Structures are given as C-alpha cells and as structure tokens.
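Observations on chain architecture
Residues per chain, in single letters:
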Amino acid sequence: MSHEKDEIPVVQRAYPEDLGEVAPEHTPETDSPAIRTVHPEDLGTWLGKGWRDLWQMPVALVHGLVIALAALILLGLSWQQPWMAFSFLAGILLLGPVLAVGVNYLALQNERGEPGGAGLGWLGALGGSVWAFAALLAFLFVIWASFVWMWIAVLNIGELAVMGQLHHLLGAMLSSGSGIISLVGVVVAAIAFGLLVFALSLATIPALLDHRLRDDAPQKSLVESIGVSLKAFSHNPGTLILWGLIITALFMVSVATALLALVVIFPWLGFAMWHGYRDLVAAN
C-alpha cells in the first residue's frame, strides 16, 4: 500500500522579513507639508516684515487703491440699502485672501530677488485655480448673506428692511428686543462663517503660488492647498484666531477712515500673509 506524501502547507508571511520594506501609511496628514507651531509674538514679526516689504515694493499700493475704489463704488451704490452695504463690507473681508493674490505674488518675487512688476504674473500659472477658489468663497458668502437676510426678515417682519442709511442700522437694531436678537444672530453667524473662510483661505493662495511657480517643488492642486491651510489652522488654532482678530481690527480701522486706510492696510496684510505662510508651512 502506497502512502501519499503529506503536503506541507505554505504559510503566508504577515510581515516582511526586512522591516525596511515596510512603507509608511499615506494619509493627508503625512502627505502634506509639516506645520510649524507659531506663537502670538510671531504675529508682530509677520506685520513687521510685511510693512518692510510694502515699502520695498510700493507698487503693491496700486492693489490697495483698486480694492478701496471698488469697495467705495459698491458702498456708494448701496448706501440707501443698509443690509446690502453691510454685506458688501463683509464680503471684502471674507474675500480678502483671494483678492490679495497679486500682493502674495509680489511677496514671492521680492523673496526671490526678482525685478518687480505689477503683480499679475500669477495669471498664467494658476489663474483657473484662483477663480475656482474665489467662486468657493463667494458661494459661502452668498449662503451667509442669505441666512442673515432671512434671519432679519423673520424676526423683524421687515421693520429693519426699510430704506435708510448704513450708519443708522446699528441704532435701529438696538432699539427693540427683536432687533437685539437679530444683532446677536448676525454676530454669531459672522463669527462662524468667518472662522470657516479663514481656515480655508489662511494659506491656500500662498501654497498655490509656492508650488506652482517653483521648479523644485511638486505641483499642488487647489484641494491640496486648501488642505494645507486647514492643517495649519488645526495645528495653531489659538494663535491664528488671534491673527484673524488682528486682521478684522485693521479692516475696521479702514472702515473708520472711509476705506482710505485700506489703500495701505490691504497690501500690508497681503505681505504679512505671505510671511505667515512661510513660518507656518515647512518646505517639503
């Protein structure tokens, strides 16, 4: 009687013999650039460097002048419709990061020691991405403005929607209980949407410029650049919320000067935004 040879089962290895063969797990956290920790005192450094850059490249003042003139025209056309005028002012603040793309480009040129221009060199390299990002921020702004409009209409049954001027709006809201509730709701909505937009746009435009205009850097899509911005915010929420408050305070200074100060403050913050990106995001 013949006996068949017993077959030895093949055991599959669950891990490689050489641990050097183990590849690290790829996640959005590991595949994106490392984020540095920043502190409140760094914010003053960003502003200082931005101020220095502004006077090294005064052509950036043209960007501030264009934004200020456009804002004044929109406010002049809507002054008798206070909620529309208020929405335009909020829109300038929310869309500021993408409007500052030209100033960010000038900051990159200054960093490289390249001859200055008008700050329009970004159009060929990332024009489509910038417009897509602007559309995203505009969409979020429309959602916020629509919510505010409906909030006011429901609580006040049109009482605050009467024709008037923008500077009468706050007094009208404080004159009744429903108006005060409306004001609180507007502030809460502004904080929520402001934080969302700030986190999305904190480093998005600088990251796009940095990786699209450098030959030695891997190309990044708009989504990846937004991911860098969100990662930077999540790693430094306290300091960056303070940075957002500083930006808002400087914008309010501009409003208090009938937007004349915006001619200087807008490009100043654009340059400071670039230096903030450089401190926050480590090179690959």
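Residues numbered from 1 in each chain as written. Predicted model: local features only at pLDDT ≥ 70, side-chain atom pairs only at ≥ 80, totals over all residues. Heavy atoms only, no water.

Overview of the overall build of the protein chain
Each helix and strand counted, the protein chain has twelve helices and zero strands in total. Counted from the first residue to the last, the protein chain has its helices and strands arranged as α-α-α-α-α-α-α-α-α-α-α-α. Looking at the protein chain as a whole, 43% of its 284 residues are labelled buried. Once local pairs closer than 6 in sequence are excluded, the contacts in the protein chain between residues at least 24 apart make up 79%. (Helix = DSSP H or I, 4+ residues; strand = E, 2+ residues; numbered from the N terminus. Buried < 20%, exposed > 50% of the residue type's maximum accessible area, 1.4 Å probe, protein only. Contact = heavy atoms within 4.5 Å.)

Some remarks on the packing of helix α2 (residues 40-56) against helix α12 (residues 262-280)
How two helices pack is summed up by the angle between their axes together with the distance between the axes. Running from amino to carboxyl end, α2 crosses α12 at an angle of 125 degrees, the nearest separation of the two axes being 7 Å. Taken together, α2 and α12 sit at an angle that is classed as oblique. Taken as a pair, α2 and α12 cross one another with a handedness that is right-handed. Counted together, W46, L47, K49, G50, W51, R52, D53 and L54 of α2 and V264, P267, W268, L269, F271, A272, H275, G276, D279 and L280 of α12 form the full contact between these two elements. Of the residues in the contact of α2 with α12, the class split is eleven nonpolar, three polar and four charged. (Axes fitted to C-alpha atoms, helices over the stretch in contact; angles between N-to-C directions. Parallel < 35°, antiparallel > 145°, perpendicular 65-115°, else oblique. Left-handed = near helix turned anticlockwise from the far one by under 90°. Nonpolar A, V, L, I, M, F, W, Y, C, P; charged D, E, K, R; others polar.)

Concerning the pattern of salt bridges
Tallied over the full model, the rule gives three salt bridges. The salt bridge partner of R278 is E111, with a shortest N-O separation of 2.7 Å. Placement of R278 in helix α12 and of E111 in helix α5 (residues 101-112) is noted, with a sequence separation of 167 residues between them. Assessed through its relative accessible area of 24%, R278 is described here as partly exposed. Via salt bridges that share partners, E111, D210 and R278 belong to a single interconnected network. (Salt bridge = Lys/Arg side-chain N within 4 Å of Asp/Glu carboxyl O.)

Focus: unusual backbone geometry
Phi is positive for A258, close to 60 degrees, though the residue is something other than glycine. Following the sequence through the fold, A258 ends up in the loop between α11 (237-256) and α12. The class of A258 is partly exposed, set by a relative accessible area of 45%. Look at L259: it is not a glycine, yet its phi comes out positive at around 70 degrees. With respect to the helices and strands, L259 occurs in the loop between α11 and α12.

Quick word on the packing of aromatic side chains
Tallied over the entire structure, the rule returns five aromatic pairs. Look at W46 and W243: their rings are 5.2 Å apart centre to centre, the planes differ by 90 degrees, and that puts the pair in the edge-to-face class. In this pair, W46 is assigned in helix α2 and W243 in helix α11, connecting sequence segments 197 residues apart. For W243, a relative accessible area of 4% gives the class buried. With a centroid separation of 5.0 Å and 75 degrees between ring planes, the pair formed by W51 and W268 is classed as edge-to-face. (Phe/Tyr/Trp six-rings, centres within 6.5 Å; stacked < 30°, edge-to-face > 60°.)

Structural notes on the packing of α5 against α12
Following both chains from N to C, one finds α5 and α12 inclined at 60 degrees, their axes separated by 8 Å at the closest point. Here α12 runs oblique to α5, going by the angle between their axes. By crossing handedness, the relation of α5 to α12 is classed as right-handed. Counted together, V103, N104, L106, A107, L108 and E111 of α5 and F266, P267, G270, F271, M273, W274 and R278 of α12 form the full contact between these two elements. Within the contact of α5 with α12, the residues separate by chemical class into nine nonpolar, two polar and two charged.

Re the nonpolar core
Counting 70 residues, the largest nonpolar core has W46, W144, L202, I205, W243, F271 and L280 as the members making the most contacts within it. Considering every element that reaches this core, the biggest residue donor is α12, with eleven residues. Setting aside chain neighbours within four positions, we find W46 in contact with V38, L240, W243, A272, H275, G276, D279 and L280. (Core = buried A, V, L, I, M, F, W, Y, C linked by side-chain atoms within 4.5 Å.)

Brief notes about a nonpolar patch on the surface
There is a patch of nonpolar side chains on the surface, built from V187, I191, L195, I241, L242 and L245 and spanning about 490 Å² of accessible area. Relative to the helices and strands, L242 is located in helix α11. Among the residues examined, L242 registers a relative accessible area of 34% and is labelled partly exposed. (Patch = residues over 30% accessible without salt bridge, like charges linked within 9 Å, V, L, I, M, F, W, Y side chains within 5 Å. Areas by Shrake-Rupley, 256 points an atom, 1.4 Å probe, with all protein chains shown as cover.)

Note that every value here comes from positions in space, so none of it alone points to a role or purpose.
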